[in-house]
Amino acid sequence: MTDVDMANPSSALQPEPAPVRAPRSPGRMRNLGLYLRRNKPLVAGITLLMLIVFFVLVGSLVTNPDDAKPLAFKPSQAPSAEHWLGTDRLGKDILAALTEGTPKTIRIGLIAGAIGVLIGTILAFFAGYYGGPFDTFTRSTVDILRTVPALLVLVIIAISVPGQMSVGTMALIIAALAWLGPTRVIRSQVLVIRKEAYVELARFSGRSGPEIIIKEMIPNLMPFIVAVFITAVSGAILASIGLEALGLGPFEANTLGMTIYWNIWYSSLINGWWWWWAPPIIIIVILFVGLFLISQGLDEWANPRLRKRV
Amino acid sequence: MSAILELRNVSKVFGGGRFSKRSTVAVEDVTFSIPADTPTMIAVAGESGSGKTTLSRLLLGVTTPSEGVVLYHGADLSKLGKAGRKQFLHDVQPIYQDPFGVYNPFYRADHLLYVTVSKFKLAKSDQDSQRIVEEALETVGLRPNEILGRYPHQLSGGQRQRVMVARALLLKPRVILADEPVSMVDASLRATILESLRSLNRDFGISILYVTHDLTTAYQICENIIVMYRGVVVESGAVEEVIIQPKHPYTKLLVESIPQMRAVRDWEREEVEGETIQSLDESQVSAGCKFADRCPAVMDQCWTAAPPLYRLSAKRAARCFIYEDEPLLDSADVTDTFVLQPTAQRAADQSAN
Amino acid sequence: MARLNYSFEEKASGPILQVNDLQVNYETVDGAVKAVSSVNLTLQAGERLALVGESGCGKTTLALAIMRLIRPPGRIVQGEIILDGRDLLKLNEEEMRLARLADVSLVTQAAMNALNPVMRIQDQIIDGLQDHGYELSKDEFRRRVKSLLEHVGLNASVARMYPHELSGGMKQRVGMATATALQPKLIIADEPTSALDVVVQRQVMTTLGRLQRETGASVILVGHDMGLVAQFADKVGVMYAGKLVELSPVHQVVHEPLHPYSELLLKSVPGLDQKQERLIGIPGMPPRLIDLPPGCFFAPRCPKAMPHCSQVSPELTPVNGDRLVACHLYTEETTPEAELEGSA
């Protein structure tokens with residue numbers, strides 16, 4: 001009797017052949033390689049991110065950090081052999097500025113994303129697995145907070161921060177809201193696997209609640225959590241650019257958002273300094289598209305329904 | 001007679017209160033027990049919606065009753081403390097229907113076996129664990145070297161299900177609650193797995209509750225049977241009696257509808273000659289007996305009053321007004337209709353064979 | 001309109017379905033999985049054939065191949081599927097699409113879930129009819145649908161209902177109504193009642209039987225329930241590891257199975273006639289379809305295996321009249337030359 005997946009009728013018309021039983025699980029690396037070949041979004045996304053890494057590498061070879069300080073050079077020069085991307089209105093070598101700023105922006109995204117997903121995962125698992133009042137409270141909090149415009153909240157927090165804004169502080173501010181989405185989304189998945197028979201059977205095998213969460217559920221949700229992480233990073237980067245463009249970012253750093261800010265301040269578009277506004281935008285686009293494709297690819301890996309057969 | 005697990009007037013309603021329109025009564029006023037000192041095999045038979053799965057989940061303690069109480073060694077199951085629960089897990093173990101969903105795809109197939117051994121401290125060393133796991137696998141007829149180290153998707157459905165039986169066996173429980181253990185397994189493997197369940201009962205003295213919709217296998221391996229329909233017990237007793245000579249109209253219908261390989265009927269001619277089951281597509285809701293709308297022997301009173309369980313013989317009870325002249329079953333406890341052989345008697349019988 | 005009142009002409013000769021040397025593979029990274037290996041079978045008009053076997057034996061693949069519903073990585077490697085004189089494998093996509101439903105139709109186990117949840121039943125059936133070029137007035141379509149539904153034992157009111165309002169058995173019968181709408185010559189039922197309760201199963205199978213008699217169509221029933229097969233089919237084909245190992249009238253197989261696998265299979269299915277001392281299964285496991293052994297596929301598990309069996313693969317040969325068996329136990333007796341030839 002073929003095991004028909006009742007909720008997926010097309011699989012009923014495509015019977016699984018008898019399972020191919022290998023004596024040992026065939027090399028994980030080989031499987032990974034073959035899988036990557038078939039998962040185009042993942043590969044494409046990683047390639048795009050590699051492009052950015054490459055860009056930063058080249059930049060760090062060709063320029064040095066002092067070139068990114070204000071008035072290092074004559075301002076508003078078009079690209080030349082000396083300054084591959086020209087200089088901006090403040091006299092910074094643009095290539096140097098981007099070489100410094102891109103990793104910083106990404107770092108903000110990574111820190112905020114990581115904190116957000118960490119908090120989110122913990123909350124999601126405890127709320128989803130145990131249910132009850134804690135779950136109701138968490139769920140309501142998340143749902144209510146998500147209705148508040150995030151940027152607005154971030155702006156208010158940013159304004160209230162005493163002293164100078166730094167990259168680290170930015171990351172923490174954004175992290176304050178970055179956990180909302182992950183909590184919600186991971187909780188839904190927890191609710192789904194909580195119903196799986198192996199979870200119940202684990203209880204009958206003597207496992208306690210926290211053990212089940214950590215040892216039985218999390219390993220299965222790892223791909224999904226990673227996908228959520230990528231999305232969170234993406235969102236955090238966007239938030240940081242938004243805050244910085246509004247002038248609330250770390251003025252000393254040459255993050256992508258700050259570059260945008262200066263572009264706006266000095267009306268580079270109208271002034272025709274295309275070498276100043278184009279590169280950061282291109283980088284941002286590549287970054288976002290890359291992250292998006294990776295999360296699509298991971299989504300397909302994490303969700304066996306979508307998986308087109310390993 | 002002491003019972004290890006007992007349901008007393010247990011009802012379970014899903015969704016909304018008892019009187020809410022959208023609620024479903026999965027189980028209604030069931031009383032029976034699994035005896036402590038006489039290992040037996042009890043079949044809980046019924047079709048989808050009969051409540052048989054809910055019944056086993058109530059006994060497992062995974063679901064709590066809406067009414068009535070589930071007792072474990074006389075104590076309320078839902079109120080057990082940590083120690084009590086640990087003892088309960090030692091005594092009562094489940095086997096599930098789906099041989100795939102019970103495996104965590106992240107781990108190898110033997111994962112839960114080792115977890116059980118370690119959590120219940122069944123072994124003194126790693127070597128000991130390995131030995132215990134291997135023994136359990138061999139008891140259910142598997143070769144350890146074909147199972148250990150493999151992932152679930154590398155094993156066949158039959159193998160996976162047998163590993164689950166091995167797991168249930170590790171704790172040497174008193175009761176195994178098997179919910180449709182072979183319905184997702186091939187025909188030729190069903191026989192092997194069911195036979196191993198039967199040997200668990202014969203050789204290890206484990207009571208088995210076999211929840212199924214397949215009356216034929218229920219007949220083959222069990223001694224006693226409870227037939228359920230829409231949440232109520234409609235017939236119970238010794239399996240030889242209930243299945244070979246069903247008394248309740250529903251049981252009769254069920255038995256007659258089983259396609260028998262060696263006793264072929266002419267369904268199409270039966271349909272033409274009017275011996276059909278009334279179309280269950282349009283079911284009028286009966287306030288009395290739940291089977292009224294499909295019953296070929298329905299009487300007026302069946303629509304307004306629900307019949308109680310009548311005792312028809314030492315090993316039989318049926319819930320039908322046809323038998324209203326018979327005595328009522330004491331406290332509606334169907335355990336009284338079971339065939340129960342004390343262990344000593346059973347051992348004597350075995351050595352006599 | 002003549003098609004809708006298809007009167008069944010007796011063809012002078014020739015079966016309604018002839019499958020010759022069909023082979024279906026599934027391409028995987030580790031090689032080709034031979035889901036169906038060189039199957040030959042013949043089906044007469046109005047005959048009911050059951051295909052039985054266990055998971056992975058190829059019965060579903062065979063049934064779907066006849067309808068050319070095999071999708072990559074599955075592939076029909078070779079063979080002929082001649083339905084009423086036409087080789088289906090030689091049709092182009094459009095011709096095959098029209099042949100589905102009009103000449104050969106399918107009732108699946110998941111017919112219940114194959115109904116569009118947001119369309120009324122009658123609209124879905126009419127959709128199928130229109131797709132095959134029938135242009136009738138709205139009323140005529142509705143009348144046709146009503147008649148189809150009544151034929152499968154459903155109340156005409158079902159036509160205006162949505163799938164979620166129907167029970168499993170009712171949905172399965174809607175599936176049968178659709179499958180017989182254009183009066184195909186062949187109906188393939190792939191485990192149509194596996195998900196249904198035994199009482200509903202009886203109703204559904206009785207309906208299918210009646211439909212078959214009324215339209216004169218042939219039926220291929222794919223299943224694993226020998227009891228049901230005995231109840232419904234005229235002939236039964238037992239499959240193992242992608243091959244047909246026995247093909248005989250059903251009652252002959254039940255009472256006197258020829259192939260050792262059939263024998264073991266039947267023994268493992270208990271009945272209500274007698275309580276057995278021990279339930280016996282079939283030891284061992286079926287071979288991996290990607291790595292089939294030489295000779296007879298069942299030899300490693302066969303209690304009657306001879307050395308010859310693991311060298312030469314037995315072909316389906318006639319034994320005792322209209323029974324076909326692929327086993328050297330019988331090949332030796334009837335055609336000793338085959339052994340000398342050493343067929344592939």
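Residues numbered from 1 in each chain as written. Chains lettered and ligands numbered in written order. Predicted model: local features only at pLDDT ≥ 70, side-chain atom pairs only at ≥ 80, totals over all residues.

1. Section: the overall build of chain C
The secondary structure content of chain C amounts to eleven helices and twelve strands. For chain C, the C-alpha radius of gyration of 21 Å lies close to 20 Å, the compact-globule estimate for 344 residues. Evaluated residue by residue, chain C yields a buried proportion of 50% over its 344 residues. Considering only residue pairs separated by 6 or more positions, chain C has 63% of its internal contacts joining residues 24 or more positions apart. (Helix = DSSP H or I, 4+ residues; strand = E, 2+ residues; numbered from the N terminus. Rg over C-alpha atoms; globule rule 2.2 N^0.38 Å. Buried ≥ 20, exposed ≤ 12 C-beta atoms within 10 Å, placed from the backbone. Contact = placed C-beta atoms within 7 Å.)

2. A few points about the interface of chain C and chain B
By a widely used convention, the size of an interface equals the accessible area lost when the partners come together. Residue-level contacts link 38 residues of chain C with 34 residues of chain B. At the level of secondary structure, the elements contributing two or more residues to the side of chain C that touches chain B comprise helix 6 (198-215), helix 7 (226-232) and helix 9 (260-267) of chain C. A total of eight residues in the side of chain C that touches chain B trace back to one element, the largest contributor, which is helix 6 of chain C.

3. Some remarks on helix 10 (residues 209-245) of chain A
All names here are of chain A. Taking 1.5 Å as the rise per residue, helix 10 with 37 residues should run 54 Å; its terminal C-alpha atoms sit only 46 Å apart, a clear shortfall. Residue I218 marks the point of greatest curvature in helix 10, where the axis turns by about 55°; the proline P219 follows within four residues. Following helix 10 by one or two positions, G247 has its phi on the positive side, about 95°. (Expected span 1.5 Å × (residues − 1). Bend = angle between axes of the 7 residues up to and from the residue.)

4. Quick word on the pairing of strand 3 (residues 48-52) of chain C
All names here are of chain C. Most of strand 3 is tucked away, with five of its five residues classed as buried. The side-chain alternation of strand 3 yields two buried faces, one formed by R48, A50 and V52 and the other by L49 and L51. Two elements, strand 3 and strand 8 (residues 218-223), share five bridges in a ladder whose sense is parallel. Looking across to strand 8, one finds that L51 is bridged to V222. (Pairing = 2+ DSSP bridges.)

5. So, the packing of helix 4 (residues 94-130) of chain A against helix 8 (residues 180-194) of chain A
Residues and elements named next belong to chain A. Following both chains from N to C, one finds helix 4 and helix 8 inclined at 40°, their axes separated by 8 Å at the closest point. Seen along the crossing, helix 4 lies across helix 8 with a hand that is right-handed. Contacts between helix 4 and helix 8 involve G116, V117, G120, T121, L123, A124, F125, A127, G128 and Y129 from the first element and P182, T183, I186, R187, V190, L191 and R194 from the second. Here the residues of the contact of helix 4 with helix 8 sort into ten nonpolar, five polar and two charged. (Axes fitted to C-alpha atoms, helices over the stretch in contact; angles between N-to-C directions. Left-handed = near helix turned anticlockwise from the far one by under 90°. Nonpolar A, V, L, I, M, F, W, Y, C, P; charged D, E, K, R; others polar.)

6. Regarding the sheet that holds strand 2 (residues 31-43) of chain C
Residues and elements named next belong to chain C. Read from one edge to the other, the open sheet built from four strands follows the order 2-1-4-5, with strand pairing classed as antiparallel. Since the sheet does not close on itself, it has two edges, and those belong to strand 2 and strand 5 (86-87), each with one partner. Taken together, the eight bridges between strand 1 (residues 17-28) and strand 4 (residues 74-83) define a ladder with antiparallel strand orientation. Paired with N25 across the two strands is R75, which belongs to strand 4. Relative to strand 2, helix 1 (residues 59-66) is tilted by about 65°, and along the sheet it contacts strand 1, strand 2 and strand 4.

7. Re the environment of E134(B)
Positionally, E134(B) belongs in helix 4 (residues 126-139). Note: C-alpha distance between E134(B) and D91(B) (43 residues apart in sequence) is 21 Å.

8. Structural notes on the packing of helix 10 (residues 249-257) of chain B against helix 6 of chain C
Put simply, helix 10 of chain B and helix 6 of chain C touch, their axes get as near as 8 Å, and they point 50° apart. Put simply, helix 10 of chain B runs oblique to helix 6 of chain C. The element helix 10 of chain B and its partner helix 6 of chain C pack so that their crossing is left-handed. Between helix 10 of chain B and helix 6 of chain C, the contacting residues are L253(B), L254(B) and S257(B) on the first element and V198(C), V199(C) and R202(C) on the second. For the contact of helix 10 of chain B with helix 6 of chain C, a count of residues per class yields four nonpolar, one polar and one charged. (Parallel < 35°, antiparallel > 145°, perpendicular 65-115°, else oblique.)

9. Looking at the nonpolar core
Membership of the largest hydrophobic core comes to 172 residues, with the highest contact counts inside it found for I174(A), L209(B), Y210(B) and I225(B). Top contributing element to this core by residue count: helix 10 of chain A, with 16 residues. Residue contacts for I174(A): discarding those within four places in its chain leaves I108(A), A112(A), L154(A), A236(A), A239(A) and S240(A). Counting 105 residues, the second-largest nonpolar core is a separate cluster that includes V36(C), M176(C), A189(C) and V253(C). (Core = buried A, V, L, I, M, F, W, Y, C linked by C-beta atoms within 7 Å.)

10. Observations concerning unusual backbone geometry
P72(C) connects to P73(C) through a cis peptide bond whose omega is 10°. The residue P73(C) is located in the loop between helix 1 and strand 4 in this model. Positive phi, normally seen in glycine, also occurs at N9(B), with a value near 50°. The topology assignment puts N9(B) in strand 1 (residues 3-14). Of note in this structure, D84(C) is not a glycine but carries a positive phi near 50°. A residue is classified by how many C-beta atoms lie within 10 Å of it, and D84(C), with 18 of them, is partly exposed.

Structural measurements only, silent on function.
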